[in-house]
Structure formats: C-alpha cells, structure tokens
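Breakdown of the fold
Residue strings, one per chain:
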Amino acid sequence: MEAHASHVVTAALVAGLIAGYGIAVPVGAVATYLVSLTARTSLRTGVCAALGVATADGLYALVATLGGSALAGALRPVLVPLRWASALVLAALAVRGAVIAVRHYRTRPQATRSTPPSPPSPARAYLALLGITLLNPTTVVYFAALVLGTRTADATAPLEQGVFVLAAFVASASWQVLLAGGGALLGRVLTGRRGRLVTALVSSGVILALAAGMAA
C-alpha cells in the first residue's frame, strides 16, 4: 500500500514537472516581454516578474486538476474573447515599449541623467506578468487537456493534486527565472543608448507579431 502511494506521488511529481516545463519552455510573447523587462530594469525585478508567470501557471494547474472536463467546457464559449483580450494587452505593451525606447533615445544624455525613467517596482512587475499570463487561454486549455488525458483512478487524491500543482509551479518558475537571468545578462552587455533602443524595438516587434498571430 505504501509502495503504491509512493508510486502515485512520484508519478504526479513527474507529470507536474513535465507539465510545467511543457507550458513554460516554448518562447512566446510573455517570455519575450520578461527578457526585455529584465534587460531594461534589474535581475530582482525580472525574478519577481518570472514568479508572476509561474504563479499563473500554478493557479491554472490547480484549477485544471479540480475542474477537469467542466473547466474545458466552460472556457470554450469565451475562448475567442480571452484570446483577443490577451492579444490587445500584449500589443499595447509592445507599442508602449517602443514609444518609450524612442523617446529615451531622442532625449539628451544630460537630461536622461537628471530625470531617469522610473522602472516598475518588483511588486508591480510581479502583478503585471501575473495578469498577462492569466489572460492567456492557452495555459488553462493546456493544463485541462493534460489532466484529462492522464487522469487515473487516484488522480482525485488531494496529495496527488498538490504534488502535481507544486511541481508544475516549480518547473515553470525555474525556467522563467532562467529567462530573467538571460535578460539581466543582455542588459549588462547592451549598455549603450543605441543598443538599448535596438533591443527594445526588436522585442516590441516580436511581441506585436506574436500578438497578431494569437488574434489570428
């Protein structure tokens, strides 16, 4: 009996890790924005933003394990509005990032030093990325389909559900923090005004393209 329980918990742990990495590793608009945000601010802000993404993944993993097929059915009628809302938010972020980058580039270095732009606080970065990720219907559909496809007779056990959700959160958090670290290194390399302008514009272009693809 104990061996069976241990096997079930191990299976839930492995499934959660696979689920977390499966939704986190593909680089999309949120990951691009996370790297760009960290490059423009600091590693601390980037890590907080990364944890915001991971929190959303963990919440959706929890909802998916509890909701199952009812969740997928309830989400289907609002899938298109959610996709449009997510695309609009990402497009707005891309445009805002490009406008701010151009404005800062055109500002004289002396004026930039006297009135530096205020970066978002770690708390604001966390809440912003949490909200953006929660708007993405792909995450909840992914977790709902995964749970439905792998559910067994023991899948409703609270311990197994908890292990699955925690493992998904840890996997997502580890990958998002890795992306934030890459953004911090990028920020240190591209210290010049022109380099930061190019980085911001490229990032905004990628986010816009991904948002357009999501809307389409």
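The shown structure was predicted, so the numbers you read here are calculated from the model rather than taken from an experiment. (Residues numbered from 1 in each chain as written. Predicted model: local features only at pLDDT ≥ 70, side-chain atom pairs only at ≥ 80, totals over all residues. Heavy atoms only, no water.)

**Structural notes on helix H2 (residues 29-40)**
Heads up, the rule is: Secondary structure counts use DSSP, requiring at least four H or I residues in a row for a helix and at least two E residues in a row for a strand, with both numbered from the N terminus. The span you would expect from a helix comes to 1.5 Å times its residue count less one. Residue burial is assigned from relative accessible area. The probe radius is 1.4 Å, only protein chains are included, and a residue is buried under 20% of its type maximum, exposed over 50%, and partly exposed in between.
Taking 1.5 Å per residue, twelve residues should reach 16 Å; H2 reaches 16 Å between its end C-alpha atoms and fits that length. Where burial is concerned, most of H2 is hidden: ten out of the twelve residues are buried.

**Some points on the environment of Ile18**
Note on placement: Ile18 falls in helix H1 (residues 2-24). With a relative accessible area of 56%, Ile18 lands in the exposed category. Each C-alpha atom, one on Ile18 and one on Ala167, is 8.5 Å from the other, the two residues being 149 residues apart in sequence.

**Focus on the packing of H2 against helix H7 (residues 122-134)**
Note the cut-off: Fitted lines through C-alpha atoms give the axes, limited to the stretch in contact for helices. The angle between two N-to-C directions lies from 0 to 180 degrees. Note on angle classes: values under 35 degrees are labelled roughly parallel, values over 145 roughly antiparallel, values of 65 to 115 roughly perpendicular, and the remainder oblique. By definition, any crossing whose near helix is turned counterclockwise from its far helix by less than a right angle is left-handed, and any crossing with a clockwise turn is right-handed. Here a residue-residue contact requires only that any non-hydrogen atoms of the pair lie within 4.5 Å. Basically, the charged four are Asp, Glu, Lys and Arg, the nonpolar ten are Ala, Val, Leu, Ile, Met, Phe, Trp, Tyr, Cys and Pro, and anything else, Gly included, counts as polar.
Interhelical geometry of H2 versus H7 gives an angle of 165° and a closest axis separation of 11 Å. One way to sum up the angle between H2 and H7 is to call them roughly antiparallel. Once H2 is placed against H7, the crossing between them reads as right-handed. Counted together, Val30, Tyr33 and Leu37 of H2 and Ala125, Leu129, Ile132 and Thr133 of H7 form the full contact between these two elements. Looking at side-chain class alone, the contact of H2 with H7 contains six nonpolar, one polar and no charged residues.

**Let's talk about H7**
The condition is simple: This arc corresponds to the set of directions leading from the helix axis out to the C-beta atoms.
In this model, H7 (13 residues) spans 18 Å end to end at C-alpha, consistent with the 18 Å of a helix rising 1.5 Å per residue. All buried positions along H7 are accounted for by Ala125, Leu129, Leu130, Ile132 and Thr133. Down the axis, H7 shows its buried residues gathered within 165° of arc, on one side only. Facing away from the buried side of H7 by more than 90 degrees, the exposed set consists of Arg124 and Leu127.

**Observations regarding the confidence of the model for the chain**
Definition in use: A residue's pLDDT is the confidence the predictor assigns to it, expressed on a 0 to 100 scale.
For the chain, the mean per-residue pLDDT works out to 74, and 65% of the residues sit at or above 70. Taking the mean pLDDT of every element in the chain, the minimum, 49, falls on helix H6 (residues 109-114) and the maximum, 90, on H7. Between residues 151-155, whose pLDDT stays under 50, and residues either more than four places distant or in other chains, the model counts eight contacts.

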